[in-house]
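# Structural overview for review
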Amino acid sequence: MPSPNSRKQLGYTFAAILVTLYGSAYAIRPLFLCQSLFGEYSTFEPNIAAGNSSHATPRDYGARGDAITVTDGTISSGSAHFTSAVAAFGAADAGKAIVVSGAGSSGNALVAIISTVTGPTNVTLSATASTTVSRARADYGTDDTAAVRSCVQHSTLLGGRCTINAGARFMMSNASTTIRVAGANVAGGTIDGKGTLIFAPQGPLTAGSNDRLFYIASSEAAGPFPVRAGPIARGATSFTAQNSIDAAQLSRGDWVIMTEKDSGATDVIYSDWLQISSVVGTTVNIVSPLRMSFPNARTFNTSGSPAACLPASPCGLSFRKLTNIAHALTIKDINIIVPNVINGNGASGIVTRDTRGIHIHNVTCDDASSNCYAGYLDQGLVFVDNHMNSAVYPEFASQVDTTAIGNHMNQTGSDLHGFVAPQTGGLLIDFGTGFSTFDGNTIGNNLQACVTLLSGVHDISLGGNTCGRTSFGTGSACILVRGSYRNTIERNICPGGDGVSSFGITLGDSLGFTLNISSFANSVRGNRVRGYVTLYDVGGADVLETDH
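For every chain, the first residue of the written sequence is number 1, and numbering continues from 1 onward in sequence order. Since the coordinates come from a predicted model, pLDDT governs what is reported: local features require at least 70, and pairs of side-chain atoms require 80 or more to be given and counted, while whole-chain, interface and lining totals use all residues. Side-chain metrics rest on all non-hydrogen atoms present in the structure, leaving aside hydrogens and water.

## What about the pairing of strand β4 (residues 97-100)?
Throughout, exposure labels follow a simple rule: accessible area from a 1.4 Å probe, protein chains only, divided by the maximum for the residue type, with under 20% read as buried, over 50% as exposed, and the rest as partly exposed. Numbering of helices and strands runs from the N terminus, with a helix taken as a DSSP run of H or I at least four residues long and a strand as a DSSP run of E at least two residues long. Covered by surrounding structure in β4 are Ala 97 and Val 99 together with Ile 98 and Val 100, the residues of both alternating faces. Paired strands, in this sense, are two strands between which DSSP finds at least two bridges. As paired elements, β4 and strand β5 (residues 110-119) share four bridges and run antiparallel to each other. Following the sheet pairing, Val 99 is matched in β5 by Val 111. In the sheet, β4 pairs with strand β7 (residues 133-141) via four bridges, with the strands oriented antiparallel. By the bridge assignment, Val 100 is partnered in β7 with Ala 138.

## So, the sheet that holds strand β25 (residues 359-361)
Pairing is parallel in the open sheet, where twelve strands are placed in the order β1-β8-β11-β20-β25-β28-β31-β34-β38-β42-β45-β48. Each end of this open sheet is capped by a strand with a single partner; those strands are β1 (55-56) and β48 (543-544). Note: strand β11 (residues 190-192) against strand β20 (residues 330-332), two bridges, orientation parallel. Bridge assignment links Thr 190 to a residue of β20, and that residue is Thr 330. Throughout, a contact is declared for two residues whenever any of their heavy atoms are within 4.5 Å. Think of each axis as a best-fit line through the C-alpha atoms, taken over the contacting stretch in the case of a helix, with angles from 0 to 180 degrees between the N-to-C directions. Here helix α2 (residues 145-156) sits on the sheet in contact with β1, β8 (161-163) and β11, set at roughly 155° to β8.

## Here we look at the confidence of the model for the protein chain
Per residue, pLDDT measures the predictor's confidence, with a range of 0 to 100. In the predicted model, the protein chain carries a mean pLDDT of 89, and 87% of its residues have values of at least 70. For residues 1-52, every residue scores under 50 in pLDDT, and the model assigns this stretch 138 contacts once sequence neighbours within four places are set aside.

## Here we look at the state of the cysteines
Any two cysteine sulfur atoms within 2.5 Å of one another count as a disulfide. Taken as a whole and assessed by the stated rule, the structure comprises five disulfides. When the bonded cysteines of the protein chain are counted from the start of the sequence, the pairing works out to 1-2, 3-4, 5-6, 7-8, 9-10.

## Concerning the nonpolar core
By nonpolar core we mean a set of buried residues, namely Ala, Val, Leu, Ile, Met, Phe, Trp, Tyr and Cys, connected to one another through side-chain atoms within 4.5 Å. Counting residues in each nonpolar core, the largest one holds 72 residues, and the members touching the most others are Phe 214 and Val 451. Ranked by residue count, the leading element in this core is α2, at four residues. What Val 451 contacts, discounting residues up to four positions off in sequence, is Leu 427, Ile 429, Ile 443, Leu 462, Cys 467, Cys 478, Ile 479 and Leu 480. Ala 236, Ala 265, Leu 317 and Ala 397 belong to the second-largest nonpolar core, a separate cluster that totals 38 residues.

## What about the sheet that holds strand β17 (residues 267-280)?
Taking strand neighbours across the sheet as the criterion, the six strands line up as β14-β19-β16-β17-β18-β15 in an open arrangement whose pairing is antiparallel. Only two strands of the sheet have a single partner each, and these edge strands are β14 (219-226) and β15 (238-240). Here the strands of the sheet are splayed against their neighbours by 40° on average, with no regard to which way each runs. When strand β16 (residues 255-262) meets strand β19 (residues 316-323), the two strands line up antiparallel, connected through seven bridges. Its bridge partner being in β19, Lys 261 is matched across the sheet by Gly 316.

## Quick notes on the environment of Ser 303
Within the secondary structure, Ser 303 sits in the loop between β18 (283-286) and β19. By relative accessible area, which is 53% here, Ser 303 ends up exposed. Spatially, the C-alpha atom of Ser 303 lies 8.3 Å from that of Pro 314, the residues being eleven residues apart in sequence.

## Re the environment of Ser 244
Its place among the elements puts Ser 244 in helix α3 (residues 244-247). In this structure the C-alpha to C-alpha distance between Ser 244 and Val 284, which are 40 residues apart in sequence, comes to 9.9 Å. Apart from the residues within four sequence positions on either side, Ser 244 is in contact with Gly 281 and Thr 282.

## Notes on unusual backbone geometry
With omega at 5°, the peptide bond leading from Gly 223 into Pro 224 counts as cis. With respect to the helices and strands, Pro 224 occurs in strand β14. A positive phi angle is found at Asn 296, which is not glycine, with a value near 50°. Along the polypeptide, Asn 296 turns up in the loop between β18 and β19. Classification of Asn 296 by relative accessible area gives buried; the value is 14%. A positive phi angle, close to 60°, is found at Asp 401, a residue other than glycine.

## Thoughts on the pattern of salt bridges
Here, a salt bridge means any Lys or Arg side-chain nitrogen found within 4 Å of an Asp or Glu carboxyl oxygen. This structure, assessed with the given rule, holds 16 salt bridges. A salt bridge links Asp 139 to Arg 137, with the nearest nitrogen and oxygen atoms 2.9 Å apart. Linking Arg 212 and Asp 211 is a salt bridge whose minimum nitrogen-to-oxygen distance equals 2.8 Å. Relative accessible area serves as the criterion here: at 1%, Arg 212 is assigned to the buried category. One network of salt bridges, in which partners are shared, links Glu 220, Arg 320, Arg 353 and Asp 354.

## Looking at the side chain of Gln 202
Mapping Gln 202 onto the fold places it in the loop between β12 (196-199) and β13 (212-217). As used in this structure description, the phrase polar contact means that two N or O atoms lie within 3.5 Å; if the pair is within protein, one of them must be able to donate a hydrogen and the other to accept it, and residues adjacent in sequence are counted only when both atoms belong to side chains. At a separation of 3.0 Å, a polar atom in the side chain of Gln 202 contacts the main-chain carbonyl oxygen of Ala 112. In this structure Gln 202 touches Ala 97, Val 111, Ala 112, Ile 113, Ser 173, Asn 174, Ala 175 and Asn 210, once residues within four positions along its chain are discounted.

Below you can see the structure in the form of structure tokens.
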């Protein structure tokens, strides 16, 4: 999965994307990345033992939960001497982690250790500032990473519960801060509580490693393997592997993810989860008929030329077998704070990959570094009633059966963002996401576009969402759709946007792919769109009905 921080670059290059609106179809080249679970379809489920469960808190594992925030921090460029009139430092604070917002390079956060306490208002840090700041926010406390990780992993592996202690503020700050939730027995389990986790990793951030607080992921045990040439039609009950040795790795009840990747898009643009019923030679029979067609029109390629086509992520049509599937895990009620920590990559709050039925509910997240949430190739995600303000939009990529309802994003006045101009777009529904619902969400003032559907998004409901004002130079869009099909866009509120080429709701084909995807069979109806130069930009292959 591409680094979540790479998506932040979209903001710096959007001028190249949203230009010549009347002469092009928004030529976008992406720069990366309440019941679902196949509804009525029957599935084979493993026998999960329910008797072994536990309930613990981070303090049961020795966490201190003693993080403190001050807002009068002062440090000079080139100096390690930090002062705060209200901090009341004591000898016990030596060795604690500290993050000073704005004092790092290019105005990012400075992450360090308190080396020496020289007085109640003065400490010496393990690193020097690159930027002079005063009246700066600083968070410091005992690094509780190991204890929080033990609580989460030990409890969820047993289908139990880890409760982040109410009122406690846990500093998560070492070189391997990520809490990975994965393993053979991750089935069920809850992470909840009213406590706060402050995520500020020490040292360089490596994509997929320590650049995310929670990483919930299944294992891809085998593959991706090529599928025999020729399209696979919607309604098909089997597919054919290219090689019998690949098909032989599959057994009744296994889950696979079938994906088709375009080298021009540099990512998956068709995706779905399939469960195996039987295998005969190279013929792989599946439990339920395919819900979508796969064109299988792109050459299978793992050569690395073009660079997007890698053995771990081949271009063309392939399938990958999953094991140790992380599913039915719930994260709810907790608070996450991520200062503007950027060191190679940005830092994200919650990242999911290859998961089933994950519930994220009523989570409050302020992330000045990257995105509060990013998901890839998940099935059945339920994402409801969350409050998330972040430097990079939440991203739902190549997911199926996602339910995202009643969320609040880009709300001004948070601890880290304050009352400032919007820093990012609102909501990104990306690359092959399908059979999903994104309804009733509230998105504050936003940059570039309030809601974006990019390339291969299909069969989703985008309804009843309320957008704030969209800002972006010469042109902005409230709802921007490219290369997507069979979606229903209705009852959304778009109050206006900046620029002489602004669009309310705009649909068009993808451009720049090996094989482009046409915009067709999208229904646009009953939306309230005001304050854009062009209210609707909808082609003949889509359906536009009267707004209200």
